[in-house]
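Understanding the architecture of this molecule
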Amino acid sequence: MASKKDKDPKRFYSIKEVAQQFGLSEPTLRFWEKEFEEISPRKTAKGTRYYSKEDIDIIGLIYHLVRERRMTLAGARLKLKENKDLTINQTEISNRLKLIRNELVSLADAIKELDENSNTTH
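Residues numbered from 1 in each chain as written. Predicted model: local features only at pLDDT ≥ 70, side-chain atom pairs only at ≥ 80, totals over all residues. Heavy atoms only, no water.

This next bit is on the overall build of the chain. Tallying secondary structure elements over the chain gives five helices and three strands in all. Taken from N to C terminus, the helices and strands of the chain fall in the order α-β-α-α-β-β-α-α. Against the compact-globule benchmark of 14 Å for 122 residues, the chain has a radius of gyration of 19 Å, which places it well outside the compact range. Looking at the 122 residues of the chain, the share that counts as buried comes to 25%. Of the accessible surface of the chain, which amounts to about 9,100 Å², a share of 53% is contributed by carbon and sulfur atoms. Treating the 24 positive side-chain charges of the chain as one cloud and the 20 negative ones as another, the clouds have centres 7 Å apart. (Helix = DSSP H or I, 4+ residues; strand = E, 2+ residues; numbered from the N terminus. Rg over C-alpha atoms; globule rule 2.2 N^0.38 Å. Buried < 20%, exposed > 50% of the residue type's maximum accessible area, 1.4 Å probe, protein only. Areas by Shrake-Rupley, 256 points an atom, 1.4 Å probe, with all protein chains shown as cover. Lys, Arg positive; Asp, Glu negative; His and termini not counted. Charge placed at Lys NZ, Arg CZ, Asp CG, Glu CD.)

Quick look at the structure:
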């Protein structure tokens, strides 16, 4: 049986990897790190940042609040402080609904393509 460690062998991610994952710039991540105490990547003596899975999860929450729900940074900070668990649950639900929507759109496109193909063959 595969362990959780086998599914995600990396423990830490570079700022470049995290920025690419969310479509953000590296300066944006550094700025969010200053604005949100919940983000605390490990830093080497040279200042290279390494983000844990927990850091990435928090960045995902902030991304959802700021970029998708259009909250200000102050609003997002307050939301995380007031009720982090509720915010996590709402974000997870939103992400699941997006996946379901994408699957439904794919199915609708496939059905449309089948209909178009069957109409051109008759």
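Moving on to unusual backbone geometry. Here the phi dihedral of arginine 70 falls at roughly 60 degrees; this positive angle occurs in a residue that is not glycine. Here arginine 70 is to be found in the loop between helix 4 (53-68) and helix 5 (73-121).

With that settled, the discussion passes to the pairing of strand 3 (residues 49-52). As judged from the three bridges shared by strand 1 (residues 12-14) and strand 3, these two strands associate in the antiparallel manner. Bridging across to strand 3, serine 14 finds its partner in tyrosine 50. Note: strand 2 (residues 42-43) against strand 3, two bridges, orientation antiparallel. Looking at strand 3, one finds that lysine 43 is bridged to arginine 49. Count of turn residues in the strand 2/strand 3 antiparallel hairpin: five residues, of which glycine 47 carries a positive phi of about 95 degrees. (Pairing = 2+ DSSP bridges.)

Let us look at the nonpolar core. The biggest cluster of nonpolar side chains holds 20 residues, and the ones touching the most others in it are Val18, Leu29, Trp32, Ile39, Tyr51, Ile59 and Ile62. Where this core is concerned, the elements lending two or more residues are helix 2 (15-22), helix 3 (26-35), helix 4 and helix 5. Here the element with the most residues in this core is helix 4; it accounts for seven residues. (Core = buried A, V, L, I, M, F, W, Y, C linked by side-chain atoms within 4.5 Å.)

Further remarks concern the pattern of salt bridges. As a working rule, side chains carrying opposite charge can pair if their charged atoms are close by. In the structure shown here, the tally under the stated rule is seven salt bridges. The partner of lysine 43 in a salt bridge is glutamate 33, and the shortest N-O contact between them spans 3.1 Å. Of the two residues, lysine 43 is situated in strand 2 and glutamate 33 in helix 3; the sequence distance between them amounts to ten residues. Overall, lysine 43 belongs to the partly exposed group, its relative accessible area being 47%. (Salt bridge = Lys/Arg side-chain N within 4 Å of Asp/Glu carboxyl O.)

A cluster of like negative charges, contributed by Asp109, Glu113, Asp115 and Glu116, occupies part of the molecular surface. Mapped onto the secondary structure, aspartate 115 falls in helix 5. Look at aspartate 115 and you get partly exposed, because its relative accessible area is 44%. (Patch = residues over 30% accessible without salt bridge, like charges linked within 9 Å, V, L, I, M, F, W, Y side chains within 5 Å.)

The next point concerns the side chain of aspartate 55. Structurally, aspartate 55 can be placed in helix 4. Salt bridges are absent for the buried aspartate 55, whose nearest opposite-charge side chain, arginine 42, sits at 7.7 Å. Among the polar contacts made by the side chain of aspartate 55, one reaches the main-chain amide nitrogen of serine 52 at a distance of 3.1 Å. (Polar contact = N/O pair within 3.5 Å; in protein donor to acceptor, adjacent residues only side chain to side chain.)

The residue glutamate 38 is located in the loop between helix 3 and strand 2 in this model. According to the relative accessible area criterion, glutamate 38 is partly exposed, its value standing at 21%. In this structure glutamate 38 touches Asp55, Ile58, Leu80 and Lys81, once residues within four positions along its chain are discounted. (Contact = heavy atoms within 4.5 Å.)

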